[in-house]
Amino acid sequence: MSRTAAAAATMTLALMGLSGAATAQTPPPAAVARQPADAATRASYDRADALNRSVFWAQEQQINPMDPVAGVKMAQALRELGQFDQAAETAQGVLTVQPANLDAMLEVGRAHIARGQAFYGIAALEQARAAAPRDWRPLSLLGVAYQQVRRPDDAKSAWTEALRLSPDNPDVLTNAAIARMGEGDAPSAEILLRRAAAQPTATLKVRQNLALSLGLQGKTAEAEQILRRDLPPEVADANLRWLAERATAASAAAPVAAPEAAGSARTWSSVQGG
């Protein structure tokens, strides 16, 4: 081999060695960070059931634990799944990040009301009322919370103010009516619920509560009409049996005391989650 050829071969090997060394020293590419879902995807999950929403928003929280929207939506889904303690903790966590987040305040209140410990949600709801004095929602929820902690006068004042801000609001009327039923005053509850059911925005839940108030007064024919119109036959049958059992118990005993009436209202399948 000539000196020129040998030098060329040596140079080639040197370059190959340098190339290998450079390759060995180059760090592997960093893992691509997961990105939050876009606005359209997030909006689509508002129409999903609570279980699918809880899974989706849990993933969004993993991507960004400081995301307040994900935290509030996760709390809402957990509450709808009956996981009230976790819902309250999740919503409270959002307030740690964003102390002025109105939606998180409302979810804290809803979760504690749902777990039967409304006392612990009142502070957040009163803070929401102060932050949004023209918003009927904190007042409506405060009425429920006050009623649960045996402050009926404060509850009525809250609902009166909520109805001043949002006249004939079916949610507010329904909350006030359920409280009346809890006090054993089904006739007054019926008046409120008829107002609520007449509103264009009235939901199935409003009508089911109206059926409950009618049934508790022995107006079973009208109650059955509502149930048959809105519910599958087997669900309507179950609720009618429940009303019949209540009527039998009422006829065989003294009038139901207010605490028992409140408990009975919560066992009615069509008003769960109020």
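Owing to the predicted nature of the structure, the values given are computational and were not obtained by experimental measurement.

(A) Inspection of the overall build of the protein at higher detail. Looking only at helices and strands, one finds 15 helices and 0 strands in the protein. Taken over 274 residues, the protein has a buried fraction of 37%. The long-range fraction of contacts in the protein, counting pairs at least 24 apart against all pairs at least 6 apart in sequence, stands at 47%. Of the roughly 15300 Å² of accessible surface on the protein, 57% is carried by carbon and sulfur atoms.

(B) Examining the packing of aromatic side chains more closely. One pass over the full model with this rule turns up 3 aromatic pairs. Note on Phe56 and Trp57: the rings are 4.8 Å apart at their centroids and 75° apart in plane angle, and the pair reads as edge-to-face. By the burial criterion, Phe56 is buried, and Trp57 matches it. When the ring of Phe119 is compared with that of Tyr120, the centres are 5.4 Å apart and the planes differ by 90°; the resulting orientation is edge-to-face. Summarising the burial analysis for this pair, Phe119 and Tyr120 share the class exposed.

(C) Spotlight on the side chain of Glu190. With respect to the secondary-structure elements, Glu190 resides in helix α11 (residues 186–197). When its relative accessible area of 9% is taken as the criterion, Glu190 is described as buried. Excluding its chain neighbours within four sequence positions, the residues that come into contact with Glu190 are Leu210, Ser213, Leu214, Gln217 and Lys219.

(D) Just the packing of helix α6 (residues 102–114) against helix α8 (residues 136–148), in detail. Between α6 and α8, the shortest axis-to-axis distance is 10 Å and the interhelical angle comes to 25°. Here α6 lies roughly parallel to α8, going by the angle between them. For the pair α6 and α8, the sense of crossing is left-handed. Packed against α6, whose contacting residues are Leu102, Asp103, Leu106, Arg110, His112 and Ile113, the element α8 presents Arg137, Pro138, Leu141, Val144, Ala145 and Gln148 at the interface.

(E) Focus on helix α5 (residues 84–97). Look at α5: 21 Å from first C-alpha to last across 14 residues, which is about the 20 Å you get at 1.5 Å a residue. Buried within α5 are the following residues: Ala87, Ala88, Thr90, Ala91, Val94 and Leu95. Projected onto a plane normal to the axis of α5, the buried residues spread over an arc of 165° and lie on a single side. Exposed positions of α5 whose direction lies more than 90 degrees from the buried face are Glu89 and Thr96.

(F) Region of the structure containing the pattern of salt bridges. The tally for this structure, following the rule as stated, stands at 18 salt bridges. Between Glu222 and Arg194 there is a salt bridge, and its shortest N-O distance comes to 3.0 Å. Remark: Arg194 occurs in helix α11 and Glu222 occurs in helix α13 (residues 220–230); sequence separation between them is 28 residues. By relative accessible area, which is 29% here, Glu222 ends up partly exposed. Salt bridges sharing common partners tie together Glu190, Arg194, Lys219 and Glu222.

(G) Molecular detail of unusual backbone geometry. We note that Arg150 has phi near 65°; this positive angle belongs to a residue other than glycine. Mapped onto the secondary structure, Arg150 falls in the loop between α8 and α9 (152–165). Phi is positive for Asp168, close to 55°, though the residue is something other than glycine. Asp168 sits in the partly exposed class, given a relative accessible area of 29%.

(H) Seen up close, the packing of α6 against helix α7 (residues 119–131). It is at 8 Å that the axes of α6 and α7 come closest, and there the two elements cross at 150°. With respect to α7, the element α6 is oriented roughly antiparallel. Note on packing geometry: the crossing formed by α6 with α7 is left-handed. Taking contact as the criterion, the partners of Leu102, Met105, Leu106, Val108, Gly109, His112 and Ile113 in α6 are, on α7, Tyr120, Gly121, Ala124, Leu125, Gln127 and Ala128. Split by residue class, the contact of α6 with α7 holds 9 nonpolar, 4 polar and no charged.

How each quantity is defined
- Residues numbered from 1 in each chain as written.
- Predicted model: local features only at pLDDT ≥ 70, side-chain atom pairs only at ≥ 80, totals over all residues.
- Heavy atoms only, no water.
- Helix = DSSP H or I, 4+ residues; strand = E, 2+ residues; numbered from the N terminus.
- Buried < 20%, exposed > 50% of the residue type's maximum accessible area, 1.4 Å probe, protein only.
- Contact = heavy atoms within 4.5 Å.
- Areas by Shrake-Rupley, 256 points an atom, 1.4 Å probe, with all protein chains shown as cover.
- Phe/Tyr/Trp six-rings, centres within 6.5 Å; stacked < 30°, edge-to-face > 60°.
- Axes fitted to C-alpha atoms, helices over the stretch in contact; angles between N-to-C directions.
- Parallel < 35°, antiparallel > 145°, perpendicular 65-115°, else oblique.
- Left-handed = near helix turned anticlockwise from the far one by under 90°.
- Expected span 1.5 Å × (residues − 1).
- Arc of directions from axis to C-beta.
- Salt bridge = Lys/Arg side-chain N within 4 Å of Asp/Glu carboxyl O.
- Nonpolar A, V, L, I, M, F, W, Y, C, P; charged D, E, K, R; others polar.

It is worth stressing that arrangement in space is one thing and function is another; only the former is reported here.
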